[in-house]
Amino acid sequence: MIEYSTNMKVSLVDKETILKSLRFASVSFLRSADWEKNINKVLEHFGLSYKASRINIFQNHTDKKGIVYMSMKYEWTAKGIKPKIINPIFQNLPYEKFGYERLKNLLLNEKEYYGITRNLPDKEKELLKIHNVFSILIIPIFISFELWGFIGFDECLYEREWDSTEIDYLTILADIIGIALKQKNDNCLLIKNKKNLKIAKKKAEESERLKTAFLSNLSHEIRTPMNAIIGFSNLLSEPNITDNEKDKFIKHINNNGNELINIIDNIIDIAKLETGQVRILETEFKLNKELYDLYVTLNKNKKTEGKENINIILKKTNKDVNFTILTDPLRIKQIFANLLNNAVKFTNNGSIEFGYTFINAKTLLFYVKDTGIGIPGDKLEVVFDKFRQGDDSSTRKYSGTGLGLAISKNIINLLGGEIYVESELGRGTSFSFTLPYKPVKQITDAMPVNNMYKWNNKTILIAEDVESNFELIKTVLRKTKAKILWAKNGKEAVEECKTNDNINLILMDIRMPEMNGLIATSKIKQFRKNIPIIAQTAYAMVEDEIKSINAGCIAHISKPIKPKLLLSKINKYLA
């Protein structure tokens, strides 16, 4: 073993030996795809060449508060020198903790830090003395002008003064390490980019496949009810058809018309959800009453679906018929309609159960579960994705656009909840979703609805530019004996109200030539403030209803108009 004096000042480095070590580092690092495999051999080469006690490489990282830390990543030690890398103090060590602000600033300015320990400032030499370091040399490692960390040389046997030649050689080593690190980062980035590109390509191809399947399916879903509507409408004009046949044809037309409206509503909804145009309108919602209405409707519809043997079960935790919450009634009904329609479609035997319970004082849990065909396990992760279906092939057994669950999930999220699915193939499916519980003071039932409407002393103005729509409303109102007036645009409606004080109520279309319904309503309200105006329009979104109310309408009915609803709304303001 070589003996050293305490104050050794002469360089022990042989230039040729160091050059060989630099060449070895260059070959090991720059010609290898993974430089880390050779790091220990390179450090050993330099440690022996420099006759150093320890060589270590530290990497920097910065936390969210901007505090810079150093962590030891690699280490070589001479025989008899205790390694430091196993000491946790050298992991995530803040520069400021032991007064190394000066070290950090020197490194950032591409300058080396070196000296005999006893000559360093008290705060800086504290940690070095604990680990018996007599002399130290630290050189920064940069990657593309950014400080990555540093390489450090410790002398634990004697006080060593580093000359400029030694520092220059070690700076070259630090530069080689920086280049190797950059090369590795570039390779990793290239591999990652290739992987991401492959994934993106696969996703794009899958997205294209799904969209193609969706458009093909959508065309089929629209043309199917249209075929029935047009076909049976033509048959109605055939001579010699019986009343029973006529009733049957009309029933088919109504059913397929409703199905077509649902498809169109889904397409509009998914488009509005994707562009952030859906707004939640919270109002009082009589939960138990509405769920019971769904229960009655399901029992009626299951007969037309040929599912009479399915048992429909409704369970309500709160038994009060007037139990009321604050939410968006239209959206809650839409969610349940989607989930229940799926349950009926995919269940042939057994039961469909739906209802709600309380998770806690602030959260309601709603659910729909069936004993139907179930969902394959590999489809559960994508069941809420738009355009997705359990089977999107041309031989699939069940119809549908694949939008209902995607719409439901988005709406539930907007309402502040989450939706979940559990399923077992061949045994059934359970959908559950949470919503914030916002209680409303209980209200009493409204007065019974009057189905006998006699308005023979009333005058109703219908503002409608489409003649067939006017004829439809006129026919619905015929049995009420009300006097009917027709304005073919908003301008005519305003003029009629100015000259006719006998008008008791206005049914106002929104999109009309000359002047639209919103402007017409605002103008009429300037001189007939108390006249009730009901919007009857093909604009069916919540936002459209808000626009109608803001313009001065007292109610909003979306087309296609349901006669019972129309009569009920009018009666509310004429009675």
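Quick caveat, the model's predicted, so the values are computed rather than measured. (Residues numbered from 1 in each chain as written. Predicted model: local features only at pLDDT ≥ 70, side-chain atom pairs only at ≥ 80, totals over all residues. Heavy atoms only, no water.)

**Re the nonpolar core**
Stage number 1. The biggest cluster of nonpolar side chains holds 41 residues, and the ones touching the most others in it are F336, F354 and F433.
Stage number 2. By residue number, the principal contributor to this core is helix 8 (residues 329-345), which donates seven residues.
Stage number 3. Here F336 is in contact with L291, L294, N341, F354, G355, F366, Y367, V368 and F433, once residues within four sequence places are set aside.
Stage number 4. I55, I141, L173 and I176 belong to the second largest nonpolar core, which has 31 residues in total. (Core = buried A, V, L, I, M, F, W, Y, C linked by side-chain atoms within 4.5 Å. Buried < 20%, exposed > 50% of the residue type's maximum accessible area, 1.4 Å probe, protein only. Helix = DSSP H or I, 4+ residues; strand = E, 2+ residues; numbered from the N terminus. Contact = heavy atoms within 4.5 Å.)

**As for the environment of S237**
Stage number 1. Tracing the sequence through the fold places S237 in the loop between helix 5 (164-236) and helix 6 (243-274).
Stage number 2. A polar contact is formed between the side chain of S237 and the backbone oxygen of N234, at a distance of 2.7 Å. (Polar contact = N/O pair within 3.5 Å; in protein donor to acceptor, adjacent residues only side chain to side chain.)

**Let's talk about the pattern of salt bridges**
Stage number 1. The full count for this structure, using the stated rule, is 16 salt bridges.
Stage number 2. Between D154 and K84 there is a salt bridge whose closest N-O contact spans 3.0 Å. One end of the pair, D154, is in strand 6 (residues 146-155); the other, K84, is in the loop between strand 2 (68-77) and strand 3 (93-94), and 70 residues separate them in sequence. Across this residue pair, the class does not change: D154 and K84 are buried.
Stage number 3. Among the salt bridges present, the one from E424 reaches R427, with a minimum N-O distance of 3.9 Å.
Stage number 4. For E424, a relative accessible area of 45% puts it in the partly exposed group.
Stage number 5. Ionic contacts of the salt-bridge type, sharing partners, join the residues R54, E75, K84 and D154 into one network. (Salt bridge = Lys/Arg side-chain N within 4 Å of Asp/Glu carboxyl O.)

**Some thoughts on the pairing of strand 16 (residues 505-508)**
Stage number 1. Alternating positions in strand 16 separate into two faces, L505 and L507 on one and I506 and M508 on the other, with burial throughout.
Stage number 2. In the sheet, strand 14 (residues 459-463) pairs with strand 16 via four bridges, with the strands oriented parallel. Directly across from I462, in strand 16, lies its bridge partner L507.
Stage number 3. Sheet topology note: the strand 16/strand 17 (residues 533-537) ladder contains three bridges and is parallel. Each residue of the ladder has a partner; that of L507, found in strand 17, is I534. (Pairing = 2+ DSSP bridges.)

**Section: the packing of aromatic side chains**
Stage number 1. Tallying each qualifying case throughout the model produces 20 aromatic pairs.
Stage number 2. Ring centres 6.4 Å apart and planes at 70 degrees place the aromatic pair F58 and F90 in the edge-to-face group. Of this pair, F58 sits in strand 1 (residues 54-62) while F90 sits in the loop between strand 2 and strand 3, and the two are 32 residues apart along the sequence.
Stage number 3. F58 sits in the buried class, given a relative accessible area of 5%.
Stage number 4. Under the relative-accessibility criterion, F90 is labelled buried at 4%.
Stage number 5. Note on F58 and F150: the rings are 4.9 Å apart at their centroids and 20 degrees apart in plane angle, and the pair reads as stacked. Within this pair, whereas F58 is found in strand 1, its partner F150 is found in strand 6, the two being separated by 92 residues in sequence. (Phe/Tyr/Trp six-rings, centres within 6.5 Å; stacked < 30°, edge-to-face > 60°.)

**So, the sheet that holds strand 18 (residues 555-558)**
Stage number 1. In space, the five strands of this open sheet follow the order 15-14-16-17-18, with parallel pairing throughout. For this open sheet the edge positions go to strand 15 (483-487) and strand 18, each flanked by a neighbour on one side alone. Taken over all neighbouring pairs, the strand axes of this sheet differ in orientation by 20 degrees on average, direction set aside.
Stage number 2. With five bridges joining them, strand 14 and strand 15 adopt parallel strand pairing. What sits directly across from I460, in strand 15, is I484.
Stage number 3. Its contacts with the sheet put helix 12 (residues 517-527) on strand 16 and strand 17, and the angle it makes with strand 16 is roughly 160 degrees. (Axes fitted to C-alpha atoms, helices over the stretch in contact; angles between N-to-C directions.)

**Thoughts on empty space enclosed by the protein**
Stage number 1. Scanning the model with the defined rule gives two cavities of 30 Å³ or more in all.
Stage number 2. Put simply, the largest cavity is a space of about 190 Å³.
Stage number 3. Lining the largest cavity are 19 residues; nearest its centre among them are K84, Y100, L128, I136 and I138.
Stage number 4. Elements with a contribution of two residues or more to the lining of the largest cavity: strand 1, helix 4 (122-130), strand 5 (135-143) and strand 6.
Stage number 5. With four residues, strand 6 is the largest single contributor of residues to the lining of the largest cavity.
Stage number 6. Of the residues in the lining of the largest cavity, the class split is 14 nonpolar, three polar and two charged.
Stage number 7. There is about 50 Å³ of room inside the second largest cavity.
Stage number 8. Around the second largest cavity, the lining residues are E282, I325, L326, T327, L415, L435, P436 and K438.
Stage number 9. Elements with a contribution of two residues or more to the lining of the second largest cavity: strand 9 (324-327) and strand 13 (428-436).
Stage number 10. Classifying every residue of the lining of the second largest cavity by side-chain character gives five nonpolar, one polar and two charged. (1 Å grid on protein atoms, 1.4 Å probe; cavity = no way out; pocket = protein on both sides within 12 Å on 5 of 7 lines; lining within 4 Å. Points joined across faces, edges and corners; volume = space filled by probe spheres on them. Nonpolar A, V, L, I, M, F, W, Y, C, P; charged D, E, K, R; others polar.)

**Digging into the sheet that holds strand 8 (residues 311-316)**
Through backbone hydrogen bonds, the strands of a sheet pair up, either in parallel or in antiparallel fashion.
Stage number 1. Spatial ordering of the open sheet is given by 8-10-11-13-12, a layout of five strands whose pairing is mixed. Each edge of the open sheet is held by one strand with a lone partner, namely strand 8 and strand 12 (419-424). The mean inter-strand angle of the sheet, taken between neighbouring strand axes irrespective of direction, is 15 degrees.
Stage number 2. Relative to strand 13, strand 12 runs antiparallel, the two being bridged by six bridges. Bridged to V421 within strand 13 is F431.
Stage number 3. The strands that helix 7 (residues 287-304) touches are strand 8, strand 10 (351-360) and strand 11 (363-370); relative to strand 8, the one it contacts most, it runs at about 175 degrees.
Stage number 4. Docked against the sheet, helix 9 (residues 404-414) engages strand 12 and strand 13, running at close to 25 degrees with respect to strand 13.

**Observations regarding the side chain of S408**
Stage number 1. Relative to the elements of secondary structure, S408 occurs in helix 9.
Stage number 2. Every residue in contact with S408, bar those within four places of it in the chain, is listed here: I335 and N338.

**Observations regarding the packing of helix 6 against helix 9**
The description of two packed helices rests on the angle between their axes and on the distance between the axes.
Stage number 1. One can describe the packing of helix 6 onto helix 9 by two numbers: an axis separation of 10 Å at closest approach and a directional angle of 45 degrees. Between helix 6 and helix 9, the crossing angle belongs to the class labelled oblique. With respect to the hand of their crossing, helix 6 and helix 9 are arranged in left-handed fashion. Here N266, D269, I270 and L273 of helix 6 come into contact with helix 9, specifically with A406, I407, N410, I411 and L414.
Stage number 2. Class assignment of the residues belonging to the contact of helix 6 with helix 9 gives a composition of six nonpolar, two polar and one charged. (Parallel < 35°, antiparallel > 145°, perpendicular 65-115°, else oblique. Left-handed = near helix turned anticlockwise from the far one by under 90°.)

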